[in-house]
Amino acid sequence: MLFIPRILKDLARIFTAGGKRSFLVGGAVRDMLRGEKAHDFDLATDAAPEEVAAMFRAHGNSVIPTGVKHGTVTAHVKGETFEITTFRTESDYHDGRHPEKIAYTATIEEDLSRRDFTMNAIAVELPKGRIVDPFNGRVDIQNRVIRCVGNPLERFSEDGLRPLRCVRFASQFGFSVDKETLDAIPQTLSITAKVSAERKRDELDKIIGSRKPSAGFLLMEQTGLLHELLPELAVCRNVEQKGEHRFDVLDHSLLACDFAAEKGWSHEVRLAALFHDIGKSVVCAMNEFGVRTFHRHEREGAALAKELLSRFRYSNAVIDTAVHLIENHMFQYTEDWSDAAVRRFIVRIGEAHLPNLYRLRHADAFATAGEPPRPDFLAPLMDRVKGILEEKEALSLKDLAISGNDLIALGVKPGPRIGVILHELLEAVLDDPELNAKEKLLEIAGKMNGGA
Ligand code: ATP
Ligand code: MG
């Protein structure tokens, strides 16, 4: 018996009053059986969508017909949202993505048989809590195994997203995958290839968002999914590195991503960590001493990452941040950097991005040695950056003591020349902050403008 939250019992009363049955299904049941908190409640019922809507509205709740084509309505009850789906089956997946036909069925057992994995095919009848588990999902949850409902090859051929869901659940829960289920993945890659970029991205995001993303990515590699979705990363296997590096580029990338995940860092940092070195497989060369070199791999990597992230339709904001971090991850700070060099570094990175770049470097350092770097290994640079930021010196055009209008008053013709002069003035001020005074800047500008 599972503990049934009060709100679900209230919902169940609406169904019983209408002479209908209701079951909690899907992820909520699975997560409760795993001893975790359920995050969204999906219900299944023998009532038709219009009947569900009518019953809930009669009790003063708002109902939105979110997916009536699939038999789903969304009910808002006491500030919470519930997806309610009429018992149904699916058939004839011609394109490996969308069922051609859905049909309502009479029993919860039939409804459960269309679901992907045994752990996701358990229902709990409301309000009492009777468990319906025709595929022994509870045993699999107990053994921490992911197994298809029915024949894996058939189930993956119907819907090419399922293999990806499989590896992402494995990554999220630390579960293993049943052999027959795992073996079916390489055989259905062509079906997965047809799935939309957005649906694939959502699964990738959940792997990256899990506590140990490498678990998911290694399963992807083992089954061919990595080559199918992220060939840029897959080819980093066996790209060996020398010097302080202990791992090939793929393991190094996965470790960096794991580190960022373990620290709870943002999605952008995790993406940057995962892809920061993908340029290496492209620029890899051998120098005259027989040592591998990876010159400018950060630039190549940034270009590849931009293409890759765009392919999965990530938002421009996410792409820009991740790509910027990748492009700039190779800075080599030494104590002999002048203050001007530190100021230029801040300007190039942008103040807002600095914490994320430090994080990326931490992840990179961890994944080089395989052990945490000294927590303060970036401290000398961070301290100097902090000091300069505290002095509030000019770091951008808007911080200059003069503006475009001052230049016009000085006789510079309005137009692009104004921007060029302002940028040069900023360069001068980055070198020597003392110059950021109106008279001094006007004097320099006057000279630049041919002494006018
Ligand atoms: P999450 O915790 O990520 O929400 P979930 O299992 O609840 O996991 P949903 O996408 O919310 O995933 O789907 C709810 C349920 O619908 C699943 O538990 C499963 O029973 C079924 N389901 C979802 N997607 C598929 C699919 N592609 N093929 C078969 N059944 C699916
Ligand atoms: Mg769910």
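Everything discussed here concerns the structure shown above.
These numbers were taken from a predicted model, which means no experiment stands behind them.

Cut-offs applied
Residues numbered from 1 in each chain as written. Chains lettered and ligands numbered in written order. Predicted model: local features only at pLDDT ≥ 70, side-chain atom pairs only at ≥ 80, totals over all residues. Heavy atoms only, no water. Helix = DSSP H or I, 4+ residues; strand = E, 2+ residues; numbered from the N terminus. Near = heavy atom within 4 Å. Polar contact = N/O pair within 3.5 Å; in protein donor to acceptor, adjacent residues only side chain to side chain. Areas by Shrake-Rupley, 256 points an atom, 1.4 Å probe, with all protein chains shown as cover. Domains from an automatic or database assignment.

Remarks on unusual backbone geometry
Now for step 1: Following L126, the chain continues into P127 via a peptide bond in cis, with omega recorded as 5 degrees.
Now for step 2: Position of P127 among the secondary structure elements: in the loop between strand 8 (123-126) and strand 9 (130-132).
Now for step 3: Phi at N136 takes a positive value of approximately 55 degrees, unusual for a residue other than glycine.
Now for step 4: As for its placement among the helices and strands, N136 is situated in the loop between strand 9 and helix 5 (137-142).

Examining the site of ligand 1
Now for step 1: Taken together, 15 residues surround ligand 1, and among them R30, H39, D159, R162 and R168 come closest.
Now for step 2: With respect to ligand 1, the backbone of G27 contributes an N or O atom lying 3.3 Å from an oxygen atom.
Now for step 3: One of the side-chain nitrogen or oxygen atoms of R162 is found 2.7 Å away from a nitrogen atom of ligand 1.
Now for step 4: Relative to its unbound accessible area of 580 Å², ligand 1 is 80% covered by the protein chains.
Now for step 5: If you list the elements that add at least two residues to the shell around ligand 1, you get helix 2 (27-33) and helix 7 (162-173).
Now for step 6: At four residues, helix 7 tops the list of elements feeding residues into the shell around ligand 1.
Now for step 7: Split by domain, the shell around ligand 1 shows at least three residues from each of two domains, domain 1 (6-134) and domain 2 (144-229).

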